[in-house]
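For reference, the chains in residue letters:
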Amino acid sequence: MRTSKIASRLLVVLVLAVLASAASAVPALGGDSGNGQDASGQTFIVCPEDGMAAEAVRDSISMGLHLEKALPGGTLLMEAPPGIDAAELQDLSGVSWAEPDFPFYAAETPSDPDYAKQWNLHRIGMPDAWDVVGSGQSSVVIAVVDSGVAYRDADQFSKAPDFAQTSFAPGYDFVANDAFPDDEYGHGTHVAAIIASSFGNGFRAAGMASACTIMPVRVLGSSGVGSASTVASGIYHAADNGARVICLSLASPRHSEAVGEAVKYAYSRGALCIAAAGNEGSDAGYPGGMDCPADEGPYVLAVGATDYRDERAHYSNYGTGLDLVAPGGDLTRDDNHDGYGDGIPQESFITPGNPQAGFTLSWGEGTSMAAPQAAAAAGLLLSEDPKLTPEDITLLLTSTCVDLGSPGWDPYYGSGRLDVEAAVSAIGQNTWYFAEGTTRSGFEEWLCVLNPEGTDAQTDFTFLMSGGETQKATFTIPGNSRFSLNVAAIVGQDKDVATTISSPQTIFAERAMYFNYQGSWTGGSDAKGARYPSSEWFFAEGTTRSGFDEWLTLANPGFADTVARVEYLLGPGQGSNRTEDWNIPARSRVTVNVNQAVGPEKDVSLHITSGQPIVAERPMYFNYHGTMDGGHVVMGAVAPSGTWYFAEGTTRSGFEEWLTLANPGDLAATVDVEYLLGAGQGQNILQAWVVPARSRVTVSVNQAVGPEKDVSLYLDSDQPIMAERPMYFDYRGNIPGGHDVVGAVRPGFNWYLAEGTTRSGFEEWLTLANPGEEDATVDVEYLLGAGQGANRLQTLSVPALTRLTISVNQVIGPDLDVSLHVTSNRPIVAERPMYFSYGQQGWKGGSCEIGCDPVSAE
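Remember, it's a predicted structure, so these values are computed and weren't measured experimentally. (Residues numbered from 1 in each chain as written. Predicted model: local features only at pLDDT ≥ 70, side-chain atom pairs only at ≥ 80, totals over all residues. Heavy atoms only, no water.)

Draft legend 1. A look at the sheet that holds strand 1 (residues 43-48). The strand order across the open sheet formed by four strands is 2-3-1-4, and the pairing between neighbours is antiparallel. In this open sheet, the two edge strands, each paired with only one partner strand, are strand 2 (66-70) and strand 4 (95-100). Recorded for the sheet is a direction-independent mean angle of 30 degrees between the axes of neighbouring strands. The pairing of strand 1 with strand 3 (residues 76-79) spans four bridges and is antiparallel. The residue bridging F44 from the neighbouring strand is M78, located in strand 3. (Pairing = 2+ DSSP bridges. Helix = DSSP H or I, 4+ residues; strand = E, 2+ residues; numbered from the N terminus. Axes fitted to C-alpha atoms, helices over the stretch in contact; angles between N-to-C directions.)

Shown next, in the form of structure tokens:
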């Protein structure tokens, strides 16, 4: 059975202890006696299936194998007699997979020592990066999993002089099996020096992230060769002991399952592995063209090398798995005309493999020299924002590269050459992402941006089209104001378009669309942008019943292609859930027809997973009951939640309100729904609903509370779920349509709404829900478009456990564009419904959006 697992280390230790007492053939656990260089193929890494370690060891011993030791991650290192191969072991009962403990090598070529200008640091923008973030924080630990580091004075070993001010965390030596990862080769010292040699001390070269802490982990022996078992063990150790970045300037042209699982484990622990792409100068048959562990897809950042000319170094591997490149040098060239080969200079041994020879500034070349530059950049990013995830770091580094080679991502340069200054500057960018958008016939798309700060905000708009075409535009948004942009004026007609909006200042963005869908259903929709792309997205609402067309739009703002898996969770009794994979090219978007995917007459929720962070929205168009035509769209949620809040809702004449609940988990969820009624409309109502595992439930709010009620919702679930609130209406008897929102996961003190207008044909409202037991005092600031007059301020009281409705038209008057900033002394929820007859076309409908709470958005 070829399944993958990461077993509990404690479980494996206990199983082996039982085996040791029950079978004399099992030796006591101990360290290996070699230096990690044995590549005979007679040592194997064996991964037992869950709960089958005893069987795996027993059957292996029956074939003449000997247990050497248990490895981190639940695997076993076993020595086999001649003639045994991995395929035979893999066929044993209780074995998930087995592979030879084949060698890994340091991925560089050393040179005679000399001093040279660090041209690579200027090439990647380090002087400007230091101006932005300094040289890092000691709380950020970068593990150098390599040949060790010359980090201390002891016995035959000496601390490298340029580490005088460098901070070191305790590491481990998986070659000698002790707690002292001293360097006997020199490669790891050179790599660590690139990252964190002392800065500004008037000695040798400068480290990129010199204030960060280095964790030395030795997995390569005295000749620069190690094994899959030591490399995997080193990665587990680093991830379990506080490393946030793991630099792997080592490679093997064969894929290792053990190393791959270690990389994924580190990722799950919040540590990003950054690995050298390899030095064969080819796109070989192994995954993505990259050496292991750079071949591990989204779980590792694969780094290739460039030379002084900013061209791919002749030795650097290339292929679909490459993420970016950084200077790796080329000792065969002297393009800077300084009389020496163009290597990457840093401190290391005078004589490789001789720690007693002393230290000097030496030059090296290889993807080994490129990877630590990306690792140092990651350390600087985490120093500036410790909350960054491996996904965040990958996106920041790849999205800010200097494009080389063919436009956009390409297999020779990945996303381009590392630009550390651009990456650290991007942390301060306030960015919003949209997957949906079109300028096809019958559609008008607008982007609305609120600048709540007192100074003007330069704002960049990037438009990603389906075919990979991109366009950019920059506008200055006055302080304390809002801005509207007609998308067709920038990209032209007949484009499907995803959008990224970014500014160095705080902004908030929404996208309004008005349409005549297929020449028959008119209306409009509105959605606020996503703050970040994500590898997971969830939607509760969705249906392919008669009169409904459901779509899913997926945008990939990154520079590498990705695959997204869409899971369709159907309503009870509607059949089995379904999955579908979609390829999303870099810097592009795709559109999925949900009706075609699941067939007619289904209620369907969605769970999307992808290899790279993406953005997901779900547009729907409808003719509800044959009388209310229109459309709505929502941005997905990046995670389910145990609590959900909605401010808007009504069962007044002409309105039908629904609540859709999706449970993507494996356990049934019990959801308590509290209906908070308007003042004087009676007692609040409480209901409990059970949502089966991996399914969805639809609740009629009209039936739950009765007619003629204004109602907000508070949901409390014992399992994480998704919640949306669709509404269909005939507003005032002449504006049919519908709108939908994803709830807020918590009430807040600070809400922003970018879109809003009281122009002719528009009626705008603000609904405020107070789910707490104390009255709330609320200030509403109305921020008008440029040149439309002074902003207005209104103070309101929202009673406890109730909701309040405000007519924006009455407060500010007609023909104004308006954004809202709502602040409260008690946590509340804010939504903005709008009803309209749009323009000369007379497209009638409505839209609604829940406000953006900056705390929740982060």
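Still more ground to cover, so stick around.
Draft legend 2. Molecular detail of the pattern of salt bridges. On inspection of all chains with the given rule, the structure shows 33 salt bridges. Among the ionic pairs, D385 bridges to K387, the shortest N-O distance being 3.3 Å. With relative accessibility at 16%, the residue D385 sits in the buried group. For the salt bridge of R694 with D666, the shortest nitrogen-to-oxygen distance reads 3.4 Å. One end of the pair, R694, is in the loop between strand 37 (685-691) and strand 38 (695-700); the other, D666, is in the loop between strand 35 (655-663) and strand 36 (669-677), and 28 residues separate them in sequence. Connected through shared salt-bridge partners, D307, R309, E311, R333 and D335 make up one network. (Salt bridge = Lys/Arg side-chain N within 4 Å of Asp/Glu carboxyl O. Buried < 20%, exposed > 50% of the residue type's maximum accessible area, 1.4 Å probe, protein only.)

Draft legend 3. Here's a closer look at empty space enclosed by the protein. Scanning all chains against the criterion turns up four cavities of 30 Å³ or more. Counted as a void, the largest cavity has a volume near 90 Å³. Surrounding the largest cavity, D323, E391, T394, L395, T398, S415, N556, G558, F559, A560, Q612 and P613 form its lining. Secondary structure elements with two or more residues in the lining of the largest cavity: helix 10 (390-399) and strand 32 (604-624). If you tally residues by element for the lining of the largest cavity, the top one is helix 10, at four residues. By residue class, the composition of the lining of the largest cavity is four nonpolar, six polar and two charged. (1 Å grid on protein atoms, 1.4 Å probe; cavity = no way out; pocket = protein on both sides within 12 Å on 5 of 7 lines; lining within 4 Å. Points joined across faces, edges and corners; volume = space filled by probe spheres on them. Nonpolar A, V, L, I, M, F, W, Y, C, P; charged D, E, K, R; others polar.)

Draft legend 4. Summary view of the nonpolar core. Of all hydrophobic cores here, the largest spans 80 residues; its most connected members are L554, I608 and L715. Among the nonpolar cores identified, the runner-up in size contains 62 residues, and I142, L324, A326 and A374 belong to it. (Core = buried A, V, L, I, M, F, W, Y, C linked by side-chain atoms within 4.5 Å.)

Draft legend 5. Local environment of the sheet that holds strand 23 (residues 481-486). On the basis of which strands lie adjacent, the open sheet formed by four strands has the order 23-20-25-26 and antiparallel pairing. Each having just a single partner strand, strand 23 and strand 26 (521-528) make up the two edges of the open sheet. Ignoring which end each strand starts from, the neighbouring axes of this sheet average 15 degrees apart. Summarising the sheet, strand 25 (residues 508-517) and strand 26 pair through eight bridges and their orientation is antiparallel. Residue E510 lies in a different strand from strand 26, and its bridge partner there is K528.

Draft legend 6. Fine view of the pairing of strand 28 (residues 548-556). Within strand 28, eight of the nine residues are buried, leaving the element largely enclosed by the surrounding structure. Examined bridge by bridge, strand 28 and strand 32 share six bridges and lie antiparallel to one another. If you follow T553 over to strand 32, its bridge partner there is E617. Bridge analysis of strand 28 against strand 31 (residues 588-593) gives six bridges, and the strand direction is antiparallel. Along strand 31, the bridge assignment pairs N556 with S588.

Draft legend 7. The state of the cysteines, seen in detail. Inspection of the entire model under this criterion finds zero disulfides. Not part of a disulfide, C273 finds its nearest cysteine sulfur in C247, a span of 9.9 Å. On the basis of relative accessible area, C273 is assigned to the buried category, the value being 0%. Free of any disulfide, C292 has its nearest neighbouring cysteine sulfur in C273, separated by 11 Å. Assessed through its relative accessible area of 1%, C292 is described here as buried. (Disulfide = S-S within 2.5 Å.)

Draft legend 8. Just the confidence of the model for the protein chain, in detail. Residues of the protein chain with pLDDT of at least 70 account for 92%, and the chain-wide mean is 88. Every residue in residues 1-41 scores below 50 in pLDDT, and together they form 73 contacts with partners more than four places removed in sequence or on other chains. The low-confidence segment residues 109-116, where pLDDT is below 50, has 25 contacts with residues more than four positions distant or belonging to other chains. (pLDDT = per-residue confidence, 0-100. Contact = heavy atoms within 4.5 Å.)

Draft legend 9. Quick peek at the packing of aromatic side chains. What the rule picks out here adds up to 34 aromatic pairs. Between the aromatic rings of F163 and F168, the centroid separation amounts to 5.4 Å while the plane-to-plane angle is 85 degrees, which identifies the pairing as edge-to-face. With centroids separated by 6.0 Å and ring planes inclined at 90 degrees, the aromatic side chains of F548 and Y728 adopt a geometry described as edge-to-face. Residue F548 is found in strand 28, and its partner Y728 is found in strand 39 (residues 711-731); the two are separated by 180 residues along the sequence. Joined through ring pairs, the aromatic side chains of F443, F515, Y517, W521 and Y621 make up one cluster. The positively charged end of R123 is found above the aromatic ring belonging to Y308, 4.8 Å away from the centroid. Positioned over the ring face of W432 is R531, at 5.3 Å from the centre of the ring. (Phe/Tyr/Trp six-rings, centres within 6.5 Å; stacked < 30°, edge-to-face > 60°. Lys NZ or Arg CZ within 6 Å of the ring centre and 35° of its normal.)

Draft legend 10. Just the environment of T767, in detail. Mapped onto the secondary structure, T767 falls in strand 42 (residues 762-770). As for T767 and K495, which are separated by 272 residues in sequence, their C-alpha atoms are 35 Å apart. Apart from the residues lying within four places of it in its own chain, the contact partners of T767 are A647, E648, R803, L804, T805, V829, A830, E831 and P833.

Draft legend 11. Structural view of the pairing of strand 42. In terms of burial, strand 42 is a largely internal element, seven of the nine residues being buried. In this sheet, strand 46 (residues 818-838) lies alongside strand 42 in antiparallel orientation, the contact comprising six bridges. Residue pairing in the sheet places L768 in a bridge with A830 of strand 46. In terms of strand pairing, strand 42 meets strand 45 (residues 802-807) through six bridges, oriented antiparallel.

Draft legend 12. Summary view of unusual backbone geometry. The peptide bond linking C292 to P293 adopts the cis configuration, its omega dihedral lying at 10 degrees. Examined against the element boundaries, P293 turns out to sit in the loop between strand 14 (272-276) and strand 15 (300-306). The backbone of Q518 sits at a positive phi, close to 55 degrees, despite the residue not being glycine. Position of Q518 among the secondary structure elements: in the loop between strand 25 and strand 26. Although it is not a glycine, L801 adopts a positive phi angle of roughly 55 degrees. Within the secondary structure, L801 sits in the loop between strand 44 (792-798) and strand 45. On the accessibility criterion, L801 (30% relative accessible area) is partly exposed.

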